[in-house]
4 protein chains.
Amino acid sequence: MKTDREQAVFEAGIKLGALYHQWVGTPISRKSASSVESAIEKAVILQPFVEEITVHLNRSLMTENTFGYSELSGLMFEVEIITRVGFSYCRGHLALKNGYPLMRIVECNEISGVSHH
Amino acid sequence: MKTDREQAVFEAGIKLGALYHQWVGTPISRKSASSVESAIEKAVILQPFVEEITVHLNRSLMTENTFGYSELSGLMFEVEIITRVGFSYCRGHLALKNGYPLMRIVECNEISGVSHH
Amino acid sequence: MKTDREQAVFEAGIKLGALYHQWVGTPISRKSASSVESAIEKAVILQPFVEEITVHLNRSLMTENTFGYSELSGLMFEVEIITRVGFSYCRGHLALKNGYPLMRIVECNEISGVSHH
Amino acid sequence: MKTDREQAVFEAGIKLGALYHQWVGTPISRKSASSVESAIEKAVILQPFVEEITVHLNRSLMTENTFGYSELSGLMFEVEIITRVGFSYCRGHLALKNGYPLMRIVECNEISGVSHH
């Protein structure tokens, strides 16, 4: 009943929701940001159905507090994820929109893996 | 291109992934479990597109450590969520399956809200 | 070498650092705030050496995002904790100071539990 | 009233409690573990009063679930932190002891920074 395409969509949602709430609150600075981006990518790619994941954290929002660092907030995330179930792919985004860190499906595609004669 | 049904599925995934990673690690006991269940439910229902959320934490897995408490693990979650986008509903579960805390879509339905003459 | 008083101080630090990073990011509103306060208190009191814990979340900072809720930020915490090791007590705070969620030791005391003749 | 030494102890507690609850639950494997170790170290060193931080995650506990990865648990942490306030240093550990991820103060020292004639 549930299609591969729907499951690919579901899996994209899971991973975006998960990474957001796992990593929000992490102490961060412009110098350490790339290590956090890399660690998030390497954590997410481990999970089932993830084909690709790219994490960029917006340095311009990393304003320093009185102790010289910042804290990872949801507003800083710019994430693209591609999930696959069977021959169905889903591309999802997490990015700032109207002041809200919005998660959305960008597109879904079915790839015909082989030609049928 | 993306349907309401697909978005309902996506939103269910987001919320399940989010709650898992927000609360895993919380100190917990059989006596405090209901307060955590309630806090999770009240947090998740705030989020967009959530119609219903029920969180049960498996007390039988809350074995006491040397200091007399336990820690919320993914294996303890028994969650049902219903999301809605337009007239499309999606029901998702998070529950233990084969030793893994599995998130899955149980069903999706389109409700025809009004009759058209 | 390490005194009871020092351990009481250490334990207060552990619990404040822990609750901050466990709960930051939780979806929250003025209506749900008390359930989160209660759940945090019930989680922290389970941990060793905690005598008392009071959590207040600053509602005035819970401004609604485009979907009508907010997210628990470090700036919202007003926490008082009392830890005890032996006859040594430590009172610690987590509260906003100069725009930073500052954790600090307020006082430590040694209580002589019984009179010796 | 509160000494530099006590604050160094307090700060060590804060950082250990914080890192535990920030990262527990992260998807992890033996191959990705070093990126998580590095991200944690780079996050913690940003925080005030931290002089040194070393994070080792116990690979032998990273048993693969049905999808081929593991999840960062408190039992995996082997952490050493050195905090400093004024001329007082505190060394703290987080490591497995009797099946519990124990945080403890290993030693505190006062360094006389300069010789006085």
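Scroll up to find the structure.
Predicted model, so just to flag it, every value in this text is computed and none were measured.

So, how was this worked out
Residues numbered from 1 in each chain as written. Chains lettered and ligands numbered in written order. Predicted model: local features only at pLDDT ≥ 70, side-chain atom pairs only at ≥ 80, totals over all residues. Heavy atoms only, no water. Contact = heavy atoms within 4.5 Å. Buried area = accessible area lost by both parts, 1.4 Å probe. Salt bridge = Lys/Arg side-chain N within 4 Å of Asp/Glu carboxyl O. Polar contact = N/O pair within 3.5 Å; in protein donor to acceptor, adjacent residues only side chain to side chain. Helix = DSSP H or I, 4+ residues; strand = E, 2+ residues; numbered from the N terminus. Buried < 20%, exposed > 50% of the residue type's maximum accessible area, 1.4 Å probe, protein only. Nonpolar A, V, L, I, M, F, W, Y, C, P; charged D, E, K, R; others polar. Axes fitted to C-alpha atoms, helices over the stretch in contact; angles between N-to-C directions. Left-handed = near helix turned anticlockwise from the far one by under 90°. Pairing = 2+ DSSP bridges. Least-squares fit on C-alpha atoms with pLDDT ≥ 70 in both.

A closer look at the interface of chain B and chain D
Part 1 of the argument: Counting residues at the interface gives 12 residues for chain B and 12 residues for chain D.
Part 2 of the argument: Together chain B and chain D conceal approximately 950 Å² of surface at their shared face, both sides included; 59% is due to carbon and sulfur atoms.
Part 3 of the argument: The tally of links between chain B and chain D comes to zero salt bridges.
Part 4 of the argument: For the pair chain B and chain D, the interface holds six residue pairs in polar contact (both at pLDDT 80 or more).

Re the environment of Lys97 of chain A
All names here are of chain A.
Part 1 of the argument: Turning to its location among the elements, Lys97 is positioned in strand β5 (residues 88-97).
Part 2 of the argument: Given the relative accessible area of 46%, Lys97 is considered partly exposed.
Part 3 of the argument: Along the backbone, Lys97 and Leu75 are 22 residues apart, and their C-alpha atoms lie at a distance of 9.0 Å.

Some remarks on the side chain of Thr26 of chain D
Part 1 of the argument: Here Thr26 of chain D is to be found in the loop between α1 (4-23) and β1 (27-28).
Part 2 of the argument: With relative accessibility at 0%, the residue Thr26 of chain D sits in the buried group.
Part 3 of the argument: Side-chain polar atoms of Thr26 of chain D contact the side chain of Gln22 of chain A, separated by 3.2 Å.
Part 4 of the argument: Those residues in contact with Thr26 of chain D, other than ones at most four positions away along the chain, are Gln22, Trp23 and Ala43 of chain A together with Val36, Ser70, Glu71 and Leu72 of chain D.

A word on the interface of chain B and chain A
Think of interface size as the accessible area that goes away when the parts come together; that is how it is often given.
Part 1 of the argument: Across the boundary between the two partners, chain B contributes 22 residues, which contact 21 residues of chain A.
Part 2 of the argument: Buried area between chain B and chain A, summed over both chains or domains, comes out near 1900 Å², and the portion from carbon and sulfur atoms is 66%.
Part 3 of the argument: Of all residues in chain B, the largest losses of buried area upon contact with chain A belong to Glu6, Phe10 and His21 of chain B, amounting jointly to 32% of the total for that side.
Part 4 of the argument: Summed over the shared surface of chain B and chain A, the number is two salt bridges.
Part 5 of the argument: The shortest N-O distance in the salt bridge between Glu6 of chain A and Arg5 of chain B comes to 2.6 Å.
Part 6 of the argument: Linking chain B with chain A are six residue pairs in polar contact (both at pLDDT 80 or more).
Part 7 of the argument: Those elements that provide at least two residues to the side of chain B that touches chain A are α1 (4-23) and β6 (100-110) of chain B.
Part 8 of the argument: Take the side of chain B that touches chain A: its biggest share by element is 13 residues, from α1 of chain B.
Part 9 of the argument: Across the side of chain B that touches chain A, the residue classes break down as 12 nonpolar, six polar and four charged.

Regarding the packing of helix α2 (residues 33-44) of chain A against helix α2 (residues 33-44) of chain D
Part 1 of the argument: Direction vectors running N to C along α2 of chain A and α2 of chain D enclose 145°, while the axes themselves pass 9 Å from each other. The chirality of how α2 of chain A crosses α2 of chain D is left-handed. Contacts between α2 of chain A and α2 of chain D involve Ser35, Val36, Ser38, Ala39 and Lys42 of chain A from the first element and Ser35, Val36, Ser38, Ala39 and Lys42 of chain D from the second.
Part 2 of the argument: Of the residues contributing to the contact of α2 of chain A with α2 of chain D, the split by class is four nonpolar, four polar and two charged.

Considering the sheet that holds strand β5 (residues 88-97) of chain B
Residues and elements named next belong to chain B.
Part 1 of the argument: Read from one edge to the other, the open sheet built from four strands follows the order β2-β4-β5-β6, with strand pairing classed as antiparallel. In this open sheet, the two edge strands, each paired with only one partner strand, are β2 (50-57) and β6. Ignoring which end each strand starts from, the neighbouring axes of this sheet average 10° apart.
Part 2 of the argument: Sheet analysis places β5 next to β6, joined by 10 bridges and oriented antiparallel. Looking across to β6, one finds that Leu96 is bridged to Pro101.

Notes on the relation of the copies chain B and chain A
Part 1 of the argument: Relative to chain A, chain B is turned by 180° and slid 0.0 Å along the rotation axis, the superposed coordinates differing by an RMSD of 0.0 Å. Taken together, the rotation angle and the small translation identify this as a two-fold axis.

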